[in-house]
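Spelled out from the first residue to the last, the chains are:
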Amino acid sequence: MKFFIKTYGCQMNVNDSERIRHILKKKGFVDVQDEDKADIIIVNTCAVREKPQQKVFSYVGRVGKGKKVVIAGCVAQSEGLDLLKNDKRINFVVGTHQHYKIGSIFENFIKEDKNGIDIKFSREWEEIIPDIKARDSKVYGYISIMEGCNNFCSYCIVPFTRGREKFRPFKDIITEAEYLSSNGYKEIILLGQNVNSWEDKKEGKKFVDLLSYIAANIDVKLVRFITSYPGYYDNELIEVMAKHRSIARHIHFPVQSGSTRILKKMNRIYTREQYLKMIFDFKKNLPDIKFSSDFIVGFPSENEKDFDLTLSLIQKVEYESIFSFIYSPRKYTKALLLKDDLNIKVKKQRLYKLQEVQRNIQLQNNKKLIGKTIEALVVKRNPKKIDEVIARTESYRVVNFKSDADPGEFKKILIENVGPYSLRGKEI
Ligand code: SAH
Ligand code: SF4
Ligand code: F3S
(Lines give C-alpha, C1' and ligand atoms only; values in the text may rest on other atoms or scores of the structure.)
(Ligands and ions follow the chains in the order given, each with its own letter.)
Protein backbone atom coordinates (compact mmCIF):
# COMPACT_ATOMS: atom_id res chain seq x y z
CA MET A 1 0.00 0.00 0.00
CA LYS A 2 1.29 3.42 -0.95
CA PHE A 3 0.53 6.57 1.00
CA PHE A 4 0.84 10.31 0.43
CA ILE A 5 0.71 12.99 3.14
CA LYS A 6 -0.65 16.47 2.43
CA THR A 7 0.21 18.91 5.22
CA TYR A 8 -1.49 22.20 6.08
CA GLY A 9 -0.85 24.48 9.05
CA CYS A 10 2.02 25.26 11.36
CA GLN A 11 5.43 23.64 11.86
CA MET A 12 4.00 21.35 14.49
CA ASN A 13 1.80 19.87 11.79
CA VAL A 14 4.86 19.51 9.56
CA ASN A 15 6.58 17.66 12.40
CA ASP A 16 3.50 15.52 13.08
CA SER A 17 3.50 14.54 9.40
CA GLU A 18 7.13 13.50 9.78
CA ARG A 19 6.13 11.35 12.73
CA ILE A 20 3.24 9.81 10.79
CA ARG A 21 5.52 9.09 7.83
CA HIS A 22 8.04 7.45 10.16
CA ILE A 23 5.43 5.14 11.71
CA LEU A 24 3.91 4.11 8.39
CA LYS A 25 7.24 3.39 6.78
CA LYS A 26 8.24 1.23 9.72
CA LYS A 27 5.05 -0.77 9.22
CA GLY A 28 6.02 -1.38 5.62
CA PHE A 29 3.79 1.16 3.86
CA VAL A 30 5.42 3.00 0.99
CA ASP A 31 5.73 6.79 1.00
CA VAL A 32 5.12 8.36 -2.43
CA GLN A 33 5.63 11.96 -3.53
CA ASP A 34 2.99 11.75 -6.25
CA GLU A 35 -0.52 11.65 -4.85
CA ASP A 36 -1.93 10.04 -8.01
CA LYS A 37 0.13 6.95 -7.27
CA ALA A 38 -1.07 6.65 -3.65
CA ASP A 39 -3.69 4.22 -2.34
CA ILE A 40 -4.15 6.20 0.85
CA ILE A 41 -4.14 9.98 1.22
CA ILE A 42 -3.55 11.48 4.65
CA VAL A 43 -4.56 15.10 5.00
CA ASN A 44 -2.95 16.68 8.05
CA THR A 45 -5.18 19.66 8.65
CA CYS A 46 -5.27 23.13 10.23
CA ALA A 47 -8.37 24.69 11.82
CA VAL A 48 -6.95 28.00 12.99
CA ARG A 49 -8.97 30.12 10.54
CA GLU A 50 -11.84 29.47 8.18
CA LYS A 51 -9.61 29.65 5.07
CA PRO A 52 -7.11 26.89 5.90
CA GLN A 53 -10.04 24.74 6.98
CA GLN A 54 -11.78 25.31 3.64
CA LYS A 55 -8.60 24.32 1.81
CA VAL A 56 -8.90 20.88 3.40
CA PHE A 57 -12.34 20.32 1.94
CA SER A 58 -11.44 21.52 -1.51
CA TYR A 59 -8.38 19.28 -1.44
CA VAL A 60 -10.46 16.26 -0.41
CA GLY A 61 -12.83 17.11 -3.27
CA ARG A 62 -9.96 16.85 -5.74
CA VAL A 63 -8.61 13.50 -4.52
CA GLY A 64 -9.08 10.87 -7.20
CA LYS A 65 -11.72 8.15 -6.78
CA GLY A 66 -10.80 4.78 -5.30
CA LYS A 67 -8.37 6.15 -2.75
CA LYS A 68 -8.78 5.95 1.00
CA VAL A 69 -8.84 9.36 2.67
CA VAL A 70 -7.66 9.92 6.26
CA ILE A 71 -8.20 13.29 7.93
CA ALA A 72 -5.63 13.93 10.65
CA GLY A 73 -4.69 17.00 12.68
CA CYS A 74 -6.65 19.96 13.94
CA VAL A 75 -9.76 19.80 11.71
CA ALA A 76 -10.03 16.09 12.52
CA GLN A 77 -9.98 17.02 16.20
CA SER A 78 -12.47 19.89 15.98
CA GLU A 79 -14.97 18.46 13.48
CA GLY A 80 -14.75 14.81 14.48
CA LEU A 81 -17.66 12.59 13.53
CA ASP A 82 -19.24 15.29 11.33
CA LEU A 83 -16.45 14.72 8.83
CA LEU A 84 -17.45 11.09 8.35
CA LYS A 85 -21.15 11.92 8.32
CA ASN A 86 -20.96 14.80 5.88
CA ASP A 87 -18.35 13.66 3.42
CA LYS A 88 -18.57 10.16 2.05
CA ARG A 89 -15.08 10.34 0.57
CA ILE A 90 -13.55 10.46 4.04
CA ASN A 91 -12.71 7.04 5.50
CA PHE A 92 -10.96 7.77 8.74
CA VAL A 93 -10.62 10.64 11.20
CA VAL A 94 -7.65 10.65 13.54
CA GLY A 95 -7.16 13.38 16.13
CA THR A 96 -4.02 15.26 17.14
CA HIS A 97 -3.29 12.96 20.11
CA GLN A 98 -3.92 9.70 18.25
CA HIS A 99 -1.87 10.01 15.09
CA TYR A 100 0.73 7.62 16.46
CA LYS A 101 -1.95 4.93 16.04
CA ILE A 102 -2.15 5.51 12.34
CA GLY A 103 -0.17 2.34 11.58
CA SER A 104 -2.75 0.06 13.20
CA ILE A 105 -5.57 2.11 11.67
CA PHE A 106 -4.13 1.34 8.25
CA GLU A 107 -3.78 -2.35 9.04
CA ASN A 108 -7.46 -2.45 9.99
CA PHE A 109 -8.36 -0.77 6.74
CA ILE A 110 -6.72 -3.55 4.87
CA LYS A 111 -8.24 -6.30 7.00
CA GLU A 112 -11.78 -5.00 7.46
CA ASP A 113 -12.24 -2.15 5.00
CA LYS A 114 -14.23 -0.23 7.62
CA ASN A 115 -14.39 3.51 8.23
CA GLY A 116 -13.59 4.85 11.69
CA ILE A 117 -12.66 7.63 14.06
CA ASP A 118 -10.28 8.13 16.97
CA ILE A 119 -10.10 11.62 18.46
CA LYS A 120 -9.49 10.92 22.14
CA PHE A 121 -7.22 13.30 24.00
CA SER A 122 -4.44 11.73 26.03
CA ARG A 123 -2.25 13.10 28.83
CA GLU A 124 0.73 11.03 27.71
CA TRP A 125 3.53 12.19 25.44
CA GLU A 126 3.95 9.66 22.62
CA GLU A 127 7.67 9.34 22.10
CA ILE A 128 8.50 9.07 18.40
CA ILE A 129 11.67 10.33 16.74
CA PRO A 130 11.14 10.51 12.99
CA ASP A 131 14.21 9.16 11.25
CA ILE A 132 16.06 11.24 8.70
CA LYS A 133 14.30 9.68 5.72
CA ALA A 134 10.89 10.47 7.16
CA ARG A 135 11.66 14.18 7.54
CA ASP A 136 10.25 16.83 5.20
CA SER A 137 13.04 19.23 5.91
CA LYS A 138 16.64 18.19 5.42
CA VAL A 139 17.74 21.61 6.66
CA TYR A 140 15.64 22.51 9.69
CA GLY A 141 15.52 19.84 12.36
CA TYR A 142 12.13 20.11 14.06
CA ILE A 143 11.78 18.91 17.63
CA SER A 144 8.39 19.04 19.35
CA ILE A 145 8.93 19.78 23.03
CA MET A 146 5.35 20.37 24.16
CA GLU A 147 1.84 20.30 22.81
CA GLY A 148 -1.36 22.09 23.73
CA CYS A 149 -2.29 25.39 25.24
CA ASN A 150 -3.85 26.59 28.48
CA ASN A 151 -4.16 30.24 27.51
CA PHE A 152 -7.55 30.26 25.83
CA CYS A 153 -7.16 33.45 23.85
CA SER A 154 -10.76 34.31 23.11
CA TYR A 155 -10.45 33.93 19.32
CA CYS A 156 -8.37 30.75 19.23
CA ILE A 157 -9.41 27.18 18.51
CA VAL A 158 -5.98 25.68 19.27
CA PRO A 159 -6.67 24.79 22.94
CA PHE A 160 -9.60 22.74 21.61
CA THR A 161 -7.63 21.01 18.86
CA ARG A 162 -4.41 20.37 20.77
CA GLY A 163 -5.74 19.99 24.29
CA ARG A 164 -4.09 21.15 27.51
CA GLU A 165 -0.34 21.65 27.71
CA LYS A 166 1.76 18.52 27.99
CA PHE A 167 5.52 18.44 28.01
CA ARG A 168 8.02 16.06 26.53
CA PRO A 169 10.67 14.80 28.95
CA PHE A 170 14.05 16.58 28.90
CA LYS A 171 16.03 13.42 28.14
CA ASP A 172 13.96 12.52 25.09
CA ILE A 173 14.31 16.02 23.67
CA ILE A 174 18.07 15.83 24.07
CA THR A 175 18.18 12.40 22.43
CA GLU A 176 16.41 13.84 19.37
CA ALA A 177 18.67 16.91 19.31
CA GLU A 178 21.77 14.67 19.38
CA TYR A 179 20.30 12.50 16.64
CA LEU A 180 19.71 15.53 14.40
CA SER A 181 23.12 17.00 15.07
CA SER A 182 24.90 13.71 14.36
CA ASN A 183 23.01 13.53 11.07
CA GLY A 184 24.29 16.87 9.91
CA TYR A 185 21.45 19.23 10.78
CA LYS A 186 22.87 22.67 11.51
CA GLU A 187 19.69 24.31 12.76
CA ILE A 188 17.19 22.90 15.17
CA ILE A 189 13.82 24.38 15.96
CA LEU A 190 12.06 23.63 19.22
CA LEU A 191 8.32 23.47 18.64
CA GLY A 192 5.19 23.93 20.70
CA GLN A 193 2.13 26.15 20.99
CA ASN A 194 3.69 27.75 24.03
CA VAL A 195 7.32 26.69 24.29
CA ASN A 196 8.20 28.98 27.17
CA SER A 197 5.85 27.18 29.53
CA TRP A 198 7.75 23.90 28.98
CA GLU A 199 9.13 22.25 32.10
CA ASP A 200 10.34 18.89 33.27
CA LYS A 201 9.32 18.74 36.90
CA LYS A 202 11.16 15.50 37.62
CA GLU A 203 14.43 16.93 36.32
CA GLY A 204 13.71 20.35 37.83
CA LYS A 205 14.18 22.07 34.48
CA LYS A 206 12.43 25.04 32.89
CA PHE A 207 12.47 26.20 29.27
CA VAL A 208 15.55 28.40 29.73
CA ASP A 209 17.43 25.42 31.19
CA LEU A 210 16.52 23.29 28.19
CA LEU A 211 17.54 26.03 25.81
CA SER A 212 20.87 26.70 27.47
CA TYR A 213 21.64 22.97 27.71
CA ILE A 214 21.07 22.55 23.97
CA ALA A 215 23.01 25.70 23.14
CA ALA A 216 25.97 24.54 25.23
CA ASN A 217 26.03 20.82 24.44
CA ILE A 218 24.51 20.10 21.04
CA ASP A 219 26.70 20.62 18.04
CA VAL A 220 24.49 22.76 15.80
CA LYS A 221 25.04 26.26 14.52
CA LEU A 222 21.66 27.67 15.52
CA VAL A 223 18.79 26.76 17.77
CA ARG A 224 15.41 28.50 17.55
CA PHE A 225 12.05 28.09 19.20
CA ILE A 226 8.45 28.76 18.20
CA THR A 227 6.09 29.90 19.53
CA SER A 228 6.74 31.74 22.74
CA TYR A 229 3.85 33.56 24.36
CA PRO A 230 4.88 37.14 25.18
CA GLY A 231 2.94 37.10 28.45
CA TYR A 232 5.31 34.86 30.36
CA TYR A 233 8.79 35.99 29.74
CA ASP A 234 11.36 36.91 32.32
CA ASN A 235 14.90 38.26 32.14
CA GLU A 236 16.41 34.79 32.28
CA LEU A 237 15.72 34.27 28.60
CA ILE A 238 17.72 37.39 27.77
CA GLU A 239 20.58 36.21 29.99
CA VAL A 240 20.65 32.76 28.41
CA MET A 241 20.60 34.25 24.92
CA ALA A 242 23.38 36.69 25.76
CA LYS A 243 25.51 33.79 26.97
CA HIS A 244 25.02 31.53 23.95
CA ARG A 245 25.62 32.84 20.46
CA SER A 246 24.04 29.70 19.00
CA ILE A 247 20.55 30.78 20.08
CA ALA A 248 19.19 32.59 17.03
CA ARG A 249 18.92 36.37 17.42
CA HIS A 250 15.38 36.17 16.19
CA ILE A 251 12.23 35.55 18.23
CA HIS A 252 8.65 35.15 17.13
CA PHE A 253 6.62 37.01 19.76
CA PRO A 254 3.04 37.24 18.48
CA VAL A 255 1.39 40.37 19.87
CA GLN A 256 -1.93 40.22 17.94
CA SER A 257 -2.88 43.86 18.59
CA GLY A 258 -1.28 47.10 19.77
CA SER A 259 -4.33 48.15 21.77
CA THR A 260 -4.58 47.09 25.40
CA ARG A 261 -8.37 47.35 25.19
CA ILE A 262 -8.44 44.77 22.38
CA LEU A 263 -5.76 42.60 24.03
CA LYS A 264 -8.03 42.36 27.07
CA LYS A 265 -10.93 41.24 24.92
CA MET A 266 -8.64 38.72 23.29
CA ASN A 267 -7.74 37.39 26.75
CA ARG A 268 -4.04 38.03 26.15
CA ILE A 269 -2.54 38.64 29.58
CA TYR A 270 -0.17 41.53 28.75
CA THR A 271 -0.74 45.19 27.98
CA ARG A 272 0.71 47.18 25.07
CA GLU A 273 3.15 48.80 27.52
CA GLN A 274 4.30 45.50 29.00
CA TYR A 275 4.86 44.05 25.56
CA LEU A 276 6.88 47.07 24.41
CA LYS A 277 8.91 47.05 27.59
CA MET A 278 9.77 43.41 27.02
CA ILE A 279 10.83 44.11 23.42
CA PHE A 280 13.03 47.03 24.48
CA ASP A 281 14.58 45.01 27.30
CA PHE A 282 15.63 42.46 24.71
CA LYS A 283 16.89 45.14 22.32
CA LYS A 284 18.90 46.84 25.05
CA ASN A 285 20.70 43.65 26.03
CA LEU A 286 20.95 41.96 22.65
CA PRO A 287 21.53 44.75 20.13
CA ASP A 288 21.31 42.47 17.08
CA ILE A 289 18.01 40.83 18.08
CA LYS A 290 15.14 40.79 15.56
CA PHE A 291 11.47 40.06 16.13
CA SER A 292 8.56 38.74 14.15
CA SER A 293 4.91 38.65 15.12
CA ASP A 294 1.33 37.70 14.27
CA PHE A 295 -1.50 40.24 14.05
CA ILE A 296 -5.24 39.90 13.94
CA VAL A 297 -7.14 42.84 12.45
CA GLY A 298 -10.86 43.44 12.66
CA PHE A 299 -11.36 41.75 16.01
CA PRO A 300 -14.89 42.50 17.33
CA SER A 301 -15.24 46.18 18.33
CA GLU A 302 -11.77 47.18 17.04
CA ASN A 303 -12.03 50.90 16.22
CA GLU A 304 -9.78 53.31 14.34
CA LYS A 305 -7.99 54.26 17.53
CA ASP A 306 -7.23 50.64 18.37
CA PHE A 307 -6.01 50.04 14.85
CA ASP A 308 -3.77 53.13 14.95
CA LEU A 309 -2.24 51.77 18.14
CA THR A 310 -1.42 48.56 16.28
CA LEU A 311 0.22 50.54 13.47
CA SER A 312 2.25 52.60 15.92
CA LEU A 313 3.37 49.46 17.74
CA ILE A 314 4.57 47.99 14.46
CA GLN A 315 6.57 51.15 13.84
CA LYS A 316 8.08 51.14 17.32
CA VAL A 317 9.17 47.52 17.27
CA GLU A 318 10.33 47.47 13.63
CA TYR A 319 9.60 43.81 13.11
CA GLU A 320 11.72 41.80 10.74
CA SER A 321 8.57 40.14 9.42
CA ILE A 322 4.95 39.62 10.40
CA PHE A 323 1.97 37.43 9.64
CA SER A 324 -1.34 39.25 9.60
CA PHE A 325 -4.86 37.91 9.43
CA ILE A 326 -8.43 39.11 9.41
CA TYR A 327 -10.28 37.87 12.47
CA SER A 328 -12.02 34.60 11.69
CA PRO A 329 -14.77 33.44 14.10
CA ARG A 330 -14.02 29.90 15.29
CA LYS A 331 -16.06 27.12 16.80
CA TYR A 332 -15.82 26.63 20.62
CA THR A 333 -14.21 30.04 21.22
CA LYS A 334 -15.34 32.76 23.64
CA ALA A 335 -15.10 35.50 21.02
CA LEU A 336 -18.14 33.99 19.33
CA LEU A 337 -20.15 35.70 22.05
CA LEU A 338 -18.87 39.07 20.88
CA LYS A 339 -20.56 40.61 17.87
CA ASP A 340 -18.38 40.31 14.76
CA ASP A 341 -19.38 43.90 14.06
CA LEU A 342 -16.93 45.17 11.47
CA ASN A 343 -17.65 45.37 7.81
CA ILE A 344 -15.44 43.12 5.68
CA LYS A 345 -14.40 46.14 3.60
CA VAL A 346 -13.05 47.89 6.69
CA LYS A 347 -11.27 44.71 7.80
CA LYS A 348 -9.60 44.35 4.42
CA GLN A 349 -8.57 48.03 4.32
CA ARG A 350 -6.96 47.67 7.74
CA LEU A 351 -5.17 44.50 6.72
CA TYR A 352 -3.75 46.14 3.57
CA LYS A 353 -2.77 49.26 5.49
CA LEU A 354 -0.97 47.22 8.13
CA GLN A 355 0.84 45.19 5.50
CA GLU A 356 1.86 48.36 3.65
CA VAL A 357 3.33 49.91 6.80
CA GLN A 358 5.26 46.73 7.48
CA ARG A 359 6.43 46.44 3.86
CA ASN A 360 8.01 49.89 4.10
CA ILE A 361 9.75 49.05 7.36
CA GLN A 362 11.17 45.89 5.82
CA LEU A 363 12.33 47.69 2.70
CA GLN A 364 14.05 50.44 4.71
CA ASN A 365 15.76 47.92 6.98
CA ASN A 366 16.79 45.65 4.14
CA LYS A 367 18.34 48.60 2.30
CA LYS A 368 20.77 49.02 5.19
CA LEU A 369 22.17 45.59 4.30
CA ILE A 370 23.35 46.61 0.82
CA GLY A 371 27.14 46.27 0.66
CA LYS A 372 27.24 44.12 3.80
CA THR A 373 28.16 40.47 4.03
CA ILE A 374 25.73 38.19 5.78
CA GLU A 375 25.56 34.50 6.46
CA ALA A 376 22.63 32.34 5.41
CA LEU A 377 21.58 28.70 5.44
CA VAL A 378 20.94 27.22 1.99
CA VAL A 379 17.42 25.79 2.03
CA LYS A 380 16.99 24.60 -1.55
CA ARG A 381 17.86 25.09 -5.17
CA ASN A 382 15.73 27.76 -6.85
CA PRO A 383 13.17 25.76 -8.85
CA LYS A 384 12.90 28.58 -11.39
CA LYS A 385 16.61 29.35 -11.82
CA ILE A 386 18.72 26.25 -11.86
CA ASP A 387 22.04 28.00 -11.11
CA GLU A 388 20.64 29.74 -8.01
CA VAL A 389 19.87 28.71 -4.45
CA ILE A 390 17.40 30.04 -1.88
CA ALA A 391 18.82 30.58 1.58
CA ARG A 392 17.57 32.07 4.84
CA THR A 393 19.35 34.41 7.19
CA GLU A 394 19.39 34.12 10.96
CA SER A 395 16.28 36.30 11.02
CA TYR A 396 14.64 34.05 8.43
CA ARG A 397 14.91 36.53 5.57
CA VAL A 398 15.13 34.92 2.11
CA VAL A 399 18.41 35.43 0.19
CA ASN A 400 18.80 34.50 -3.49
CA PHE A 401 22.21 33.99 -5.05
CA LYS A 402 24.09 32.01 -7.67
CA SER A 403 25.75 28.99 -6.09
CA ASP A 404 26.30 25.27 -6.39
CA ALA A 405 26.02 24.83 -2.62
CA ASP A 406 23.86 22.04 -1.23
CA PRO A 407 20.90 22.51 1.11
CA GLY A 408 22.12 22.57 4.69
CA GLU A 409 25.31 24.56 4.03
CA PHE A 410 25.94 27.99 5.52
CA LYS A 411 27.25 30.53 2.99
CA LYS A 412 28.48 34.12 3.17
CA ILE A 413 26.78 36.49 0.74
CA LEU A 414 27.57 40.07 -0.21
CA ILE A 415 24.19 41.81 -0.49
CA GLU A 416 23.71 43.81 -3.69
CA ASN A 417 19.96 44.23 -4.13
CA VAL A 418 17.02 44.16 -1.78
CA GLY A 419 13.24 44.16 -1.83
CA PRO A 420 10.89 44.17 1.16
CA TYR A 421 10.73 40.39 1.35
CA SER A 422 14.06 39.14 0.05
CA LEU A 423 17.71 39.94 -0.52
CA ARG A 424 19.94 39.20 -3.48
CA GLY A 425 23.70 39.03 -3.61
CA LYS A 426 26.80 37.10 -4.50
CA GLU A 427 28.52 34.30 -2.69
CA ILE A 428 31.93 35.17 -1.33
N1 SAH B 1 0.51 29.74 19.85
C2 SAH B 1 0.69 30.84 19.04
C3 SAH B 1 -0.32 31.03 17.94
C4 SAH B 1 -0.82 29.88 17.16
S5 SAH B 1 -2.04 30.28 15.99
C6 SAH B 1 0.61 32.08 19.91
O7 SAH B 1 -0.04 32.13 20.91
O8 SAH B 1 1.15 33.08 19.52
C9 SAH B 1 -1.13 31.31 14.89
C10 SAH B 1 -1.73 32.66 14.68
O11 SAH B 1 -2.99 32.55 14.04
C12 SAH B 1 -2.04 33.44 15.92
O13 SAH B 1 -0.92 34.07 16.45
C14 SAH B 1 -3.08 34.43 15.46
O15 SAH B 1 -2.49 35.61 14.95
C16 SAH B 1 -3.75 33.70 14.32
N17 SAH B 1 -5.12 33.32 14.69
C18 SAH B 1 -5.48 32.41 15.62
N19 SAH B 1 -6.83 32.35 15.70
C20 SAH B 1 -7.31 33.23 14.80
C21 SAH B 1 -8.63 33.63 14.42
N22 SAH B 1 -9.70 33.11 15.00
N23 SAH B 1 -8.74 34.58 13.46
C24 SAH B 1 -7.65 35.11 12.87
N25 SAH B 1 -6.40 34.77 13.20
C26 SAH B 1 -6.22 33.83 14.16
FE1 SF4 C 1 -4.09 30.15 20.60
FE2 SF4 C 1 -3.55 31.94 22.43
FE3 SF4 C 1 -2.85 29.42 22.84
FE4 SF4 C 1 -1.59 30.86 21.01
S5 SF4 C 1 -1.61 31.26 23.22
S6 SF4 C 1 -2.35 28.79 20.76
S7 SF4 C 1 -3.21 32.17 20.21
S8 SF4 C 1 -4.93 30.19 22.71
FE1 F3S D 1 -3.31 25.05 12.64
FE2 F3S D 1 -3.44 23.23 14.48
FE3 F3S D 1 -1.15 24.43 13.99
S4 F3S D 1 -4.98 24.74 14.06
S5 F3S D 1 -1.80 26.45 13.34
S6 F3S D 1 -2.25 23.13 12.60
S7 F3S D 1 -1.89 23.81 15.97
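Parameters and conventions
Residues numbered from 1 in each chain as written. Chains lettered and ligands numbered in written order. Predicted model: local features only at pLDDT ≥ 70, side-chain atom pairs only at ≥ 80, totals over all residues. Heavy atoms only, no water. Helix = DSSP H or I, 4+ residues; strand = E, 2+ residues; numbered from the N terminus. Rg over C-alpha atoms; globule rule 2.2 N^0.38 Å. Buried < 20%, exposed > 50% of the residue type's maximum accessible area, 1.4 Å probe, protein only. Contact = heavy atoms within 4.5 Å. Areas by Shrake-Rupley, 256 points an atom, 1.4 Å probe, with all protein chains shown as cover. Lys, Arg positive; Asp, Glu negative; His and termini not counted. Charge placed at Lys NZ, Arg CZ, Asp CG, Glu CD. Near = heavy atom within 4 Å. Nonpolar A, V, L, I, M, F, W, Y, C, P; charged D, E, K, R; others polar. Phe/Tyr/Trp six-rings, centres within 6.5 Å; stacked < 30°, edge-to-face > 60°. Lys NZ or Arg CZ within 6 Å of the ring centre and 35° of its normal. Polar contact = N/O pair within 3.5 Å; in protein donor to acceptor, adjacent residues only side chain to side chain.

**Some details on the overall build of the protein**
Counting its regular elements, the protein contains 13 helices and 21 strands. Scaling as 2.2 N^0.38, a compact globule of 428 residues should have a C-alpha radius of gyration of about 22 Å, and the protein matches this with 22 Å. Expressed along its principal axes, the backbone C-alpha trace of the protein runs to roughly 60 × 55 × 50 Å. Within the protein, the fraction of its 428 residues that count as buried is 55%. By sequence separation, contacts in the protein at least 24 residues apart represent 73% of the contacts at least 6 residues apart. Here the protein has roughly 19500 Å² of accessible surface; of this, 52% comes from carbon and sulfur atoms. Of the side-chain charges in the protein, 76 are positive and 56 negative, and the distance between the mean point of each set is 4 Å.

**Topic: the site of ligand 3**
For ligand 3, the full set of nearby residues is C10, N13, T45, C46, A47, V48, C74, R162 and Q193. Residues that form the shell around ligand 3 fall into these classes: 5 nonpolar, 3 polar and 1 charged.

**Let's talk about the site of ligand 2**
In the vicinity of ligand 2, the contacting residues are C149, N151, F152, C153, Y155, C156, V158, P159, Y229 and R268. Counted by class, the shell around ligand 2 contains 8 nonpolar, 1 polar and 1 charged residues.

**Looking at the packing of aromatic side chains**
Evaluated as defined, the whole model comprises 16 aromatic pairs. Judged by centre distance (6.4 Å) and plane angle (75°), the ring pair of Y8 and Y59 falls under edge-to-face. Taken as a pair, Y8 in the loop between strand 1 (2–7) and helix 1 (11–26) and Y59 in helix 2 (residues 50–62) lie far apart in primary sequence, 51 residues in all. This pair shows no difference in class: Y8 is buried, exactly as Y59 is. Judged by centre distance (5.1 Å) and plane angle (45°), the ring pair of Y229 and Y232 falls under tilted. In this structure Y232 comes out as partly exposed when scored by relative accessible area, which is 37%. Aromatic ring contacts, followed pair by pair, group Y229, Y232, Y270 and Y275 into a single cluster. In this structure, R49 packs its charged tip against the face of F325, placed 3.5 Å from the ring centre. Of note, K205 hangs over the ring of F170, and the distance from its end group to the ring centre comes to 4.8 Å.

**Structural notes on the side chain of T310**
You can see T310 is positioned in helix 12 (residues 304–317). Judged by relative accessible area, T310 falls into the buried class, the value being 2%. Side-chain polar atoms of T310 contact the backbone nitrogen of G258, separated by 2.9 Å. Discounting residues that sit within four places of it in the chain, T310 has contacts with S257, G258, S259, F295 and L354.

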